[in-house]
Amino acid sequence: MKNANERILEKIKKCLRLAASSDGNEAATALRQAQALMREHQLDINAVELSDVDSVYAKAGWGQEPPMYFSNLVQLIQFAFGVDAVFHVKRGKTDEVEYIGLGSQAELAAYAHDVLRRQLVRDRSDYLKTLKRFKRANKTRRADLFAEQWVRCVRDTVVAFAQTDEQKQLISRYKKTRYDNLEAANPRTHDYLERDYGAARAGYAAGRDVRLHRAAGYDQRDLLECNV
């Protein structure tokens, strides 16, 4: 059930849509009604327009500089759902990722993030266990390359969600109202050696078992198919 603020915003938006009518009298009446509602509830046009934008948080759980494969996973979610992402650092760790989008996009992006993140962490951990006779740094490097290619393979199966210019502008305005100064993420990278690329092939192969779907009017549980 919608709360009072949501119902008021919907009334104002309906009036604004009617204000675009080709009937001059109808358009003028609708605009006056919208303005009256906005004055009564102390809203400006910016607040009304930005009410379509929502944000949802998803767990990160990495260091302040997340690994490249995690940064790539977040970019995959942005690519697939037409959302923006903000990394939140708390006590020196990248604690959460905030997905920002229109309508239900942010909620679905956060859901997909949680499912894919869990599977990626599990698959990387399983691959790490197969590296028996390696130094710790070499194990980490190979496991990270495995994970990067895992994400790349999943992205290769996904069609981009194309944002309109208007949607991009709304999301950008929303971010400016929330944050004064956002810094670019600085993911942790490795220098890979030629002998590491067996890990890359293994990661890409593991990623083939993941399918990410987007559709309207679906149960969120059907958003992902993980054939493992």
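Up top is the structure these notes are about.
Cut-offs and rules
Residues numbered from 1 in each chain as written. Predicted model: local features only at pLDDT ≥ 70, side-chain atom pairs only at ≥ 80, totals over all residues. Heavy atoms only, no water. Phe/Tyr/Trp six-rings, centres within 6.5 Å; stacked < 30°, edge-to-face > 60°. Helix = DSSP H or I, 4+ residues; strand = E, 2+ residues; numbered from the N terminus. Buried < 20%, exposed > 50% of the residue type's maximum accessible area, 1.4 Å probe, protein only. Lys NZ or Arg CZ within 6 Å of the ring centre and 35° of its normal. Core = buried A, V, L, I, M, F, W, Y, C linked by side-chain atoms within 4.5 Å. Axes fitted to C-alpha atoms, helices over the stretch in contact; angles between N-to-C directions. Left-handed = near helix turned anticlockwise from the far one by under 90°. Contact = heavy atoms within 4.5 Å. Nonpolar A, V, L, I, M, F, W, Y, C, P; charged D, E, K, R; others polar.

Enquirer: With reference to specific residues and values, describe the packing of aromatic side chains.
Expert: This model, assessed by the stated rule, comprises two aromatic pairs. Measuring from centroid to centroid gives 4.5 Å for Tyr127 and Phe146, while their planes differ by 10 degrees, and the two rings are stacked. Of this pair, Tyr127 sits in helix α5 (residues 105-129) while Phe146 sits in helix α6 (residues 136-156); the two residues are 19 residues apart in sequence, bridging distant segments of the chain. An identical accessibility class is assigned to Tyr127 and Phe146; each is buried. Stacked on the ring of Phe79, the Lys or Arg Arg155 has its end atom at 3.9 Å from the ring centre.

Enquirer: Describe the nonpolar core, listing the residues and the values that go with them.
Expert: Core analysis: the largest hydrophobic core is formed by 32 residues, its most contacted members being Phe70, Phe81, Tyr99 and Trp150. Taken together, the elements giving at least two residues each to this core come down to β1 (53-63), α4 (68-81), β3 (93-102), α5, α6 and α8 (197-207). Counting nine residues, the second-largest nonpolar core is a separate cluster that includes Val53, Leu102, Leu170 and Tyr179.

Enquirer: Outline the packing of α4 against α5, listing residues and values.
Expert: For any two helices packed against each other, the geometry comes down to the angle between their axes and how far apart the axes lie. It is at 10 Å that the axes of α4 and α5 come closest, and there the two elements cross at 145 degrees. Here α4 runs over α5; the crossing is right-handed. Every residue of α5 that contacts α4 at Tyr69, Phe70, Leu73, Val74, Leu76, Ile77 and Phe81 is listed here: Gln105, Leu108, Ala109, Ala112, His113, Leu116, Arg117, Leu120 and Arg124. Looking at the contact of α4 with α5 residue by residue, the classes come out as 12 nonpolar, two polar and two charged.

Geometry only, nothing functional implied.
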